[in-house]
Amino acid sequence: MRRALSSPTFPLYVGGFLGPFGGGVLSVIIPQLRDAFGATTGEVAAAIPAYFVPFAAVQLVSGTIGERLGRRRVVRAGYIGYALTSVLAAGSHSVGLFIAARAGSGASNAFLTPLVLAGLADMTPRERLGRTVGTFGAVQTAAIALSPLCGGLLGDIDWRLAFLAPGAVAIALATVPPPEAERLPGAAPARLRAVLTRRVGVLSAAAFLAYGSVTSLGFLVALHCDDAFGLGPSERGAVLAGFGVAGALVGRPSGRLVDRRGRVSVTAAGALACAVLIALVGEAGNVATLVALWVGAGAATTLVWAGLNTLIVEAVPANRAGATSVVSAFKFAGNAAAPAMWLPLYAIDPRLAFLAAGAGSAVMAAITLRLRGGRRKVP
């Protein structure tokens, strides 16, 4: 990863880090925000979906807009919008204004992540695409793991820094937007219709299940740590961080495996490994076993995302960012749907919830295998 992060693509990786970090930094400073605004926990917590709902919804069209208007122009505007709304969040004196600012940040970031990933893919030879995309996934996983820690450290100084710091990074990144898509003379502008294919539909369903059944299960694992083992907040945080750390470490090797063994094969293998590990979490008889299973799932999910993201950026060459953004919208819809899918089962029996989530990952593997009959140039 060191070589990748010292290359000209470094700003694109930082841009990929910014989105998950900006979304995850809030959860740990809810108590400070509650005190600052004189609001209830529920009112402050509403800022979490306020960020993620527009982030997911706008991605249905953001990639195509970027391809039509020009990636550089749109990404630069996205970074500036993200910075301005971050400053607005930091300067808010009411919870209503703060929530509105977070919604603006989510909508702005919808124009960043898919276009940055598409630009990164354009800069990478196909034989090394899996490695590059795997590194991008590792960077995003690291952002998920580090955002609570960084948010807590900044919040101990002043909660406003948790928004001003990423806003400052966004301003710096606005000076180095991704490359424009190469188009043949006379080629038609990118169209949303181009991404409405069976292949993109399958990838969207797979991304929904991958996030909903594995990546977003931290809340369920934290709840189980409390109910089954009586772990406190800091201990639960340490357990959850293991997932992200494992993903960050294994991301680039997973990408190399994608390049060697094929996109579909690696994605399906990772999903099946996640299915087994997640299903066993509910059966863990002690904390050490639970940690080993959760860390293992964090490592296995990098296989899923290294392969899946590579398939995504290759799916629609005529509208690469459009396809990436549509699939990403369904990915974060899986994140939003996870509590509704698994908490009712958890209330019946925790083991049932983890078993069902594991089954969801197995279904994701089966869905992905349907792509074997697609375009020949994607193994």
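**Observations regarding the overall build of the chain**
(1) Moving on: Within the chain, the regular secondary structure consists of 17 helices and zero strands.
(2) Moving on: Referenced to the eigenvectors of the C-alpha coordinate spread, the extents of the chain come out at roughly 60 × 45 × 35 Å.
(3) Moving on: Among the 379 residues that make up the chain, the fraction classed as buried is 54%.
(4) Moving on: Surface accessibility of the chain: about 15,200 Å² in total, with carbon and sulfur atoms responsible for 66%.
(5) Moving on: Of the side-chain charges in the chain, 32 are positive and 16 negative, and the distance between the mean point of each set is 15 Å.

**Observations concerning the pattern of salt bridges**
(1) Moving on: Taken as a whole, this structure holds five salt bridges when the rule is applied.
(2) Moving on: One salt bridge connects E67 with R71, and the closest N-O pair in it is separated by 3.0 Å. For the pair shown, E67 and R71 are each scored as buried.
(3) Moving on: Residues D158 and R160 are paired through a salt bridge, measuring 3.2 Å at the closest nitrogen-oxygen approach.
(4) Moving on: Shared partners join several salt bridges into a network, and the residues in it are D259, R263 and E314.

**What about the packing of aromatic side chains?**
(1) Moving on: Tallying each qualifying case throughout the model produces 14 aromatic pairs.
(2) Moving on: Look at F17 and F21: their rings are 5.6 Å apart centre to centre, the planes differ by 25°, and that puts the pair in the stacked class. Of the two residues, F17 and F21 both sit in helix 2 (residues 10–24), four residues apart, roughly one turn of that helix.
(3) Moving on: Since its relative accessible area comes to 23%, F17 is described here as partly exposed.
(4) Moving on: Residue classification places F21 among the buried residues on the basis of a relative accessible area of 9%.
(5) Moving on: Plain terms: the ring middles of W159 and F163 are 6.2 Å apart, the flat faces sit at 75° to each other, and that makes the pair edge-to-face.

**A word on the nonpolar core**
One broad rule of soluble globular proteins: the nonpolar side chains tend to lie buried together.
(1) Moving on: Among the nonpolar cores identified, the biggest contains 55 residues, and Y79, V200, L203, L308 and M364 are the most heavily contacted of them.
(2) Moving on: If we skip the residues at most four places from it in the chain, L308 touches L203, A206, A207, T267 and M364.
(3) Moving on: Membership of the second largest hydrophobic core comes to 25 residues, among which are V214, F243, L277 and A284.

Parameters at a glance
- Residues numbered from 1 in each chain as written.
- Predicted model: local features only at pLDDT ≥ 70, side-chain atom pairs only at ≥ 80, totals over all residues.
- Heavy atoms only, no water.
- Helix = DSSP H or I, 4+ residues; strand = E, 2+ residues; numbered from the N terminus.
- Buried < 20%, exposed > 50% of the residue type's maximum accessible area, 1.4 Å probe, protein only.
- Areas by Shrake-Rupley, 256 points an atom, 1.4 Å probe, with all protein chains shown as cover.
- Lys, Arg positive; Asp, Glu negative; His and termini not counted.
- Charge placed at Lys NZ, Arg CZ, Asp CG, Glu CD.
- Salt bridge = Lys/Arg side-chain N within 4 Å of Asp/Glu carboxyl O.
- Phe/Tyr/Trp six-rings, centres within 6.5 Å; stacked < 30°, edge-to-face > 60°.
- Core = buried A, V, L, I, M, F, W, Y, C linked by side-chain atoms within 4.5 Å.
- Contact = heavy atoms within 4.5 Å.

All quantities given are derived from atomic positions and should not be read as evidence of function.
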